[in-house]
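Fold and geometry: a report
So you can see what is in the structure, the chains are spelled out below.
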Amino acid sequence: MVKKDGHTHTRFSHHGSDERLDNYIEQAISLGFTTYVVTEHAPLPTEFLAHFTGPVAAQNSSAMLSAELTSYQKEVARVQKKYAGQIDVKRGFEVDYLQNYESDIRQFLLAQADWIDEIVLSVHFLTNHDQLVAPIDFDPKTLATYFPKITQSPQVIFENYLATIQKSLDFAATLPDRFVVRIGHLTLIRKYQKYFNLPQFDSSNQLRIDNLLLQIKNNHFQLDLNTAGLRKPYNGETYPTTNIIKKAHDLDIEMVYGSDAHEASAVGQDYHVVESFLTKVKNKY
Ligand SMILES: [Zn+2]
Ligand SMILES: [Zn+2]
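The structure displayed is predicted, hence computed values, not measured ones. (Residues numbered from 1 in each chain as written. Chains lettered and ligands numbered in written order. Predicted model: local features only at pLDDT ≥ 70, side-chain atom pairs only at ≥ 80, totals over all residues. Heavy atoms only, no water.)

The packing of two helices is summarised by the inter-axis angle and the distance between the axes. For the pair helix H8 (residues 154-173) and helix H10 (residues 203-218), interaxial distance at closest approach is 10 Å and the crossing angle is 15°. Judged by the inter-axis angle, H8 sits roughly parallel to H10. Crossing hand, H8 versus H10: left-handed. Here H8 contributes Gln155, Phe158, Glu159, Leu162, Ile165, Gln166, Leu169 and Asp170 to the contact with H10, which in turn contributes Asn205, Arg208, Ile209, Leu212, Gln215 and Ile216. (Axes fitted to C-alpha atoms, helices over the stretch in contact; angles between N-to-C directions. Helix = DSSP H or I, 4+ residues; strand = E, 2+ residues; numbered from the N terminus. Parallel < 35°, antiparallel > 145°, perpendicular 65-115°, else oblique. Left-handed = near helix turned anticlockwise from the far one by under 90°. Contact = heavy atoms within 4.5 Å.)

In structure tokens:
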């Protein structure tokens, strides 16, 4: 039986713990995981960083730096060897979809194609009405500063977010077939839902999500079944939310558990929550 954590980080993220990768892997082994994908945030494009419009604190703490790429890959190779026979460590990146930087991202992925086993494709950065780009998951203040409508007209921000996910799918569809693409934490825009008292998606945004799921299905992408939100005080749900997981299951979309661990103790967290929910869905309750 395969037990897989498909979304995990390392000290190279610069917004998690400084622990060695060994600690993460040993945690996974101790919980009985058989497959472990290291998916550190890939370096952000140089041009994107040069024109960064988000909060200064997020500029160099959102991803590994280009200069760290080789060290990261060496680290992954080292643990693959060290823990061979105990756990299957796979090589990956969490890749940011960035509007207007598609060619930079494609170039990076093609250059790394031989190294990569799997990628998680995520939207963390959104363009606001002033054409400024900012992270949606940095902190509530940043979200409210760049996207003030989040308080009065949240559906408008949801729409912007879902349209950007749509673009990320269009982008992923242009990648060579050999890439295993998993769509990261699909409802991340809800990260601070309790802080802002966000409503559910309205019917037109639900329709957008239905269309995203169809496109995910038709392109044979996978869905990241991400439990990080369960650990976040202002969220308390999985990404995506359970109603979307049900729809994805009905469409027979492949879903892969991801802890999104930024510290060793988070590896494998809430795996049982996801597993028992999926069992219930499969048995139609
Ligand atoms: Zn991260
Ligand atoms: Zn992540």
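What follows picks up the thread again.
Scanning all chains against the criterion turns up 16 aromatic pairs. Ring geometry for Phe48 versus Tyr101: centroids 5.4 Å apart, planes at 85°, classification edge-to-face. Of this pair, Phe48 sits in helix H2 (residues 46-50) while Tyr101 sits in the loop between strand E3 (88-96) and helix H5 (102-111), and the two are 53 residues apart along the sequence. Plain terms: the ring middles of Phe158 and Phe201 are 4.9 Å apart, the flat faces sit at 65° to each other, and that makes the pair edge-to-face. Note that Phe158 is positioned in helix H8 and Phe201 in the loop between helix H9 (193-196) and H10, a separation of 43 residues in sequence. According to the relative accessible area criterion, Phe158 is buried, its value standing at 0%. Residue classification places Phe201 among the buried positions, given a relative accessible area of 7%. In this structure an aromatic cluster arises from ring pairing among Phe12, Tyr72, Phe93, Phe108 and Trp115. The ring of Phe201 has Arg190 sitting right over it, with the charged end atom 4.9 Å from the ring centre. (Phe/Tyr/Trp six-rings, centres within 6.5 Å; stacked < 30°, edge-to-face > 60°. Buried < 20%, exposed > 50% of the residue type's maximum accessible area, 1.4 Å probe, protein only. Lys NZ or Arg CZ within 6 Å of the ring centre and 35° of its normal.)

This brings us to the coordination of the zinc ion (ligand 1). The zinc ion (ligand 1) binds to the protein through His15 (NE2), His41 (NE2) and His262 (NE2), with metal-donor distances spanning 1.9 to 2.2 Å. One chain supplies every donor for the zinc ion (ligand 1), spaced along it as H-x25-H-x220-H. If you look at the zinc ion (ligand 1) and the zinc ion (ligand 2), they sit 4.1 Å from each other. Taken together, the residues span a long stretch of sequence, with His41 in strand E2 (residues 35-41) and His262 in the loop between strand E9 (255-258) and helix H13 (271-282) at a distance of 221 residues. Of the two residues, His41 and His262, neither departs from the other in class, the shared state being buried. (Donors = N, O, S within 2.8 Å, 3.2 Å for Na, K, Ca; no water.)

A few words now on the environment of Thr151. Mapping Thr151 onto the fold places it in helix H7 (residues 149-152). Among the polar contacts listed, one links the side chain of Thr151 to the backbone oxygen of Pro148, at a separation of 3.0 Å. (Polar contact = N/O pair within 3.5 Å; in protein donor to acceptor, adjacent residues only side chain to side chain.)

The next thing to look at is the coordination of the zinc ion (ligand 2). With distances of 2.0 to 2.2 Å, the protein atoms coordinating the zinc ion (ligand 2) are His7 (NE2), His9 (NE2), Glu94 (OE) and Asp260 (OD). Note that the zinc ion (ligand 2) binds four donor atoms; their angles at the metal cover 82 to 167°, and the shape is irregular. For the zinc ion (ligand 2), the donor residues sit on a single chain with the sequence spacing H-x1-H-x84-E-x165-D. (Tetrahedral: all angles 85-135°; square planar, octahedral: opposite > 155°, others 65-115°.)

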